[in-house]
Amino acid sequence: MGLGLALLAGLLSGCTGDPGESAKETIRFTFSKREAIGFMTKLVADYNASQDETEVVLDTSGVDVVSASFVRGNPPDIALANYNMETSRFVQRGALSDLSGTEAASRVREDLRPLMEQYGSYPGRTSALPYSVMASSVIYNKEIFAANNIAVPTTWSELIAACEALEAAGVTPFYATWKDDWTIAQGWFDYSVGGQVDTLDFFKKLDAEGVDVGPESSVSFQKDFDQPVRKMLTLAKSYVNKDAASRAYGDGNLAFSQGKAAMYLQGPWAFSEIAKTAPDLKLGTFPLPMTEDPNDLRVRVNVDLAAWIPEASKHKDAARGFLEYLYRPEVIDAYNKSQLGFTPTKETANVPDPRIEGMVEYYENGKVYQGPSVLVPRTIPIMNYTQAIVFGAPPASTLRTLDADWARLAFRQ
Amino acid sequence: MTNQLMTKKSSSKVERVNWPATTVLVLCAVTVLLPLYVTVSMAFKTQGQAVDGNAFSFPAPFSLEGFVQAWTLTNFPVGAAMSLLVTAGTVLATIILAAFASYAIVRNWERRLFRYSFFYLLGAMFIPFPVVALPQIQLTGRLGLDNPFGVILLATMFQLSFSVLLFTAFLRSIPMELEESARIDGATTWQTFWKLIFPLLAPMSATVGIFAFLYAWNDFMMPSLIISDPAMQTLPVRQNLFQTQFSNNYHVSFASYLMAMAPAIVAYLFTQRWVMAGVTQGAVKG
């Protein structure tokens, strides 16, 4: 205990001390993406050394802590965090300050704005700026494809033909990890739906329908998602590993790295996991074709990191200074390169990693969508629903339940 | 004491093993030892070996990489110091306050105020922290208690009800006559408590202390929500970093858990006999 108190005393004096050294303004920067903490620590150190007005302190304590700090009234001064339904609550209630005047905002690609606003917005404000976009689609093992003379499929029938050819050669076409429900929602469900349905338009209409969502409404899950979900089941029933139901995400990464299947429905985050056991495996990506028209091909994106500055921060100007630094082309490019992400600014000098090359043209042409599973509020257990469908629940009634849930939630709000 | 009896018994009746009971006990031991083995071996593996799907394999090559990373990522010395501060504070405050309260309540049981205050204290057992988290975050923030001291205060409060329950039960078994003799010798209430009652409560204090220790050392939610300065965060909160949806870092996490578990195991090893003593002593006297 003596040791503990001594350490504490040292720490406290470290926090409050050094008044004479300089009058640097200290800002707290929240960032909790585990894989990139090393990168960010260095970035922050570089920034602190490059100027003598602001001292950035990196806070990696996570999302729950940030919510608590908003309740308490001392939120971080700036954050780079996953942009999702949870963050959008802060946006919709006006807890985040307007960033529209910043240089960083002017560099962000215009066509990404609808994706950000899909989660909600606050009138007259640009509350958050995308920093890193993750594109995900089918990961495929290039060696297996080449060994079986299979080209990347661009239509549904080509995909089925590829699966048949792989099966005939004794290769499992898809490795599925259905024990983790999020892998079904993120990959199987989102790719299938996003490859056929215009989710931007669908959710806009669904919002407008609100309490009326049901069999009679202009759009509904039971009507618009029925076809994609059935196609998903076609793939899920015939072309996956036999033990899919008991495999988790970690097992999938290992099995795929060992070449146990040709395709894997995961995002770029899986690459670094696969590389842990197979660093030299040749992998590529292509959007899951769901129709007979190659023009319909699109990739799923999510705003992995968005930058925001809370309204309640007392150091907004200093935080903006750091924001501009984060958005310097060389800084934002370096970050996204290190994480296999896409840079959301208009000009980027990034040469994509060969593993994500297959998605570049879709991303650059704006042929992207956000997964329906993340656009449904967390109150509705959509991940469990998708898991139920894959495990044999009738899709029609499950989608009806989804409609009913949506209408009920709209009624309550 | 029980151990000695057991060995005597078994040595007198030579070579008669109760196989069914032994099997059951061995199985029970395995459920504890196997995960512990995986934890230890995993902590010494390299990244590649940690995710290769063979949890039971022996670490080869033997690697300290996990420990090094866990040490720096959690800033282990500071985190451990904070955890220690919070835990020590909670244990001390819980033992002393609960003993005070229980003594007052038991000796004044016939008065309504004391009886009701006992029920009031027990009532806190029915309120889990998450239910009152939001107002408490705001309250501690406004009072400048959004630091380890706020956590000590709240953790003590939540530990109080169960501890008071334990202490009051134990206090009732201490005969009034002991106290009367001290009174006759001229002791004040304060002196009676410190010189007579509190030493007698020692076995129960150990029990209460251990419960408070385990709670405060392992608690994640309360420190994560109450402490606002990340530099003052406790170990479990710092370790939360290792659990993400998208990546597995078993070797780092297990190394870190091992380092965090060590004090709890050591504390338990040293205080275990007092817990046993407390349980048996109470039973004999009752």
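Residues numbered from 1 in each chain as written. Chains lettered and ligands numbered in written order. Predicted model: local features only at pLDDT ≥ 70, side-chain atom pairs only at ≥ 80, totals over all residues.

**Observations concerning the overall build of chain A**
Helices and strands together make up the secondary structure of chain A, namely 20 helices and nine strands. What you see for chain A is a C-alpha radius of gyration of 23 Å, in line with the 22 Å of a compact globule of 413 residues. Along the longest, intermediate and shortest principal axes, the C-alpha atoms of chain A span 75 × 50 × 50 Å. (Helix = DSSP H or I, 4+ residues; strand = E, 2+ residues; numbered from the N terminus. Rg over C-alpha atoms; globule rule 2.2 N^0.38 Å.)

**A closer look at the packing of helix H5 (residues 76–107) of chain B against helix H11 (residues 202–218) of chain B**
Residue and element names in this part refer to chain B. At a closest axis distance of 9 Å, the pairing of H5 and H11 adopts a crossing angle of 145°. For the element pair H5 and H11, the recorded crossing hand is right-handed. Here H5 contributes Ser83, Val86, Thr87, Thr90, Val91, Thr94, Ile95, Ala98 and Ala99 to the contact with H11, which in turn contributes Ser205, Val208, Gly209, Ala212, Phe213, Ala216 and Trp217. Its residues assigned to classes, the contact of H5 with H11 comprises ten nonpolar, six polar and no charged. (Axes fitted to C-alpha atoms, helices over the stretch in contact; angles between N-to-C directions. Left-handed = near helix turned anticlockwise from the far one by under 90°. Contact = placed C-beta atoms within 7 Å. Nonpolar A, V, L, I, M, F, W, Y, C, P; charged D, E, K, R; others polar.)

**Some points on the domain arrangement of chain A**
All names here are of chain A. Taken domain by domain, chain A holds domain 1 (2–134 + 302–357) and domain 2 (135–300 + 370–412). Among the secondary structure elements, those contributing two or more residues to the side of domain 1 that touches domain 2 are helix H6 (113–117) and strand S4 (129–141). Across the side of domain 1 that touches domain 2, the residue classes tally to eight nonpolar, three polar and three charged. (Domains from an automatic or database assignment.)

**Things to note about the interface of chain A and chain B**
Taken residue by residue, the interface counts 30 residues in chain A and 30 residues in chain B. For the side of chain A that touches chain B, the secondary-structure elements that each account for two or more residues are helix H1 (2–16), helix H3 (63–72), helix H13 (249–257) and helix H14 (269–277) of chain A. Of the residues assigned to the side of chain A that touches chain B, the class counts are twelve nonpolar, ten polar and eight charged.

**Regarding the nonpolar core**
Core analysis: the largest hydrophobic core is formed by 96 residues, its most contacted members being Ile78, Ala128, Ala135, Ala306, Ala307, Phe322 and Leu323 of chain A. With 14 residues, H5 of chain B is the largest single contributor of residues to this core. Shared between two domains, this core holds at least three residues of each, these being domain 1 (2–134 + 302–357) and domain 2 (135–300 + 370–412) of chain A. Those residues in contact with alanine 307 of chain A that sit more than four places away from it in its chain are Ile78, Leu80, Ala128, Leu129, Tyr131, Leu323 and Leu326 of chain A. Formed by 73 residues, the second largest nonpolar core is a distinct cluster that contains Ala162, Leu283 and Leu399 of chain A together with Phe44 of chain B. (Core = buried A, V, L, I, M, F, W, Y, C linked by C-beta atoms within 7 Å. Buried ≥ 20, exposed ≤ 12 C-beta atoms within 10 Å, placed from the backbone.)

**Examining the pairing of strand S6 (residues 261–266) of chain A**
In summary, the side chains of a regular strand alternate between the two faces of the sheet. All names here are of chain A. Most of S6 sits inside the fold, with six of its six residues counted as buried. With four bridges connecting them, S4 and S6 associate as antiparallel partners. What sits directly across from isoleucine 139, in S6, is tyrosine 264. Relative to S6, strand S5 (residues 172–175) is paired through three bridges, and the arrangement is parallel. Residue threonine 172 lies in a different strand from S6, and its bridge partner there is alanine 261. (Pairing = 2+ DSSP bridges.)

**Quick look at the environment of arginine 298 of chain A**
All names here are of chain A. By secondary structure assignment, the location of arginine 298 is in the loop between strand S7 (283–286) and strand S8 (299–308). Arginine 298 gets classed as buried once you count the C-beta atoms within 10 Å, which come to 25. Placed 113 residues apart in sequence, arginine 298 and phenylalanine 411 show a C-alpha to C-alpha distance of 33 Å. Not counting residues within four places of it along the chain, the set of residues in contact with arginine 298 comprises Gly194, Gly195, Pro287, Tyr362, Lys367, Val368 and Tyr369.

**What about the confidence of the model for chain A?**
It should be kept in mind that the predicted coordinates are not to be read in detail where pLDDT is low. The predicted model of chain A averages 88 in pLDDT, with 95% of residues at 70 or higher. In this model, residues 1–21 of chain A is a region of pLDDT below 50 whose contacts with residues beyond four sequence positions or in other chains number 14 contacts. (pLDDT = per-residue confidence, 0-100.)

**Details of the confidence of the model for chain B**
Residue and element names in this part refer to chain B. Residues at a pLDDT of 70 or more form 90% of chain B, whose mean pLDDT is 85. Looking at the elements of chain B, mean pLDDT is at its lowest for helix H1 (residues 2–12), recorded as 49, and at its highest for H5, recorded as 94. Per-residue pLDDT stays below 50 along residues 1–10; that stretch engages in zero contacts with residues further than four places along the chain or on separate chains. Segment residues 282–286 is flagged for pLDDT under 50; beyond a separation of four residues in sequence, or across chains, it makes four contacts in the model. The complex prediction reports pTM at 0.80, with the ipTM value standing at 0.72.

**Examining the packing of H13 of chain A against H14 of chain A**
All names here are of chain A. Where H13 contacts H14, the axes come no closer than 8 Å and their chain directions differ by 60°. Classified by the angle their axes make, H13 and H14 are oblique. The crossing of H13 and H14 is right-handed. Between H13 and H14, the contacting residues are Asn253, Leu254, Phe256 and Ser257 on the first element and Ala270, Glu273, Ile274 and Thr277 on the second. When grouped by side-chain class, the residues that make up the contact of H13 with H14 number four nonpolar, three polar and one charged. (Parallel < 35°, antiparallel > 145°, perpendicular 65-115°, else oblique.)

**As for the environment of serine 228 of chain B**
With respect to the secondary-structure elements, serine 228 of chain B resides in the loop between helix H12 (221–226) and helix H13 (235–239). For the pair serine 228 of chain B and alanine 29 of chain B, spaced 199 residues apart in sequence, the C-alpha separation works out to 41 Å. When sequence neighbours within four positions are dropped, the list of residues in contact with serine 228 of chain B reads Ser69, Arg72 and Asn74 of chain A together with Asp146 of chain B.

**With respect to unusual backbone geometry**
For the peptide bond that leads from alanine 60 of chain B to proline 61 of chain B, omega is 0°, which places it in the cis range. Look at leucine 340 of chain A: it is not a glycine, yet its phi comes out positive at around 60°. The phi angle at asparagine 75 of chain B is positive, at roughly 50°, despite the residue not being glycine. Looking at where asparagine 75 of chain B falls in the secondary structure, it is placed in the loop between helix H4 (65–73) and H5.

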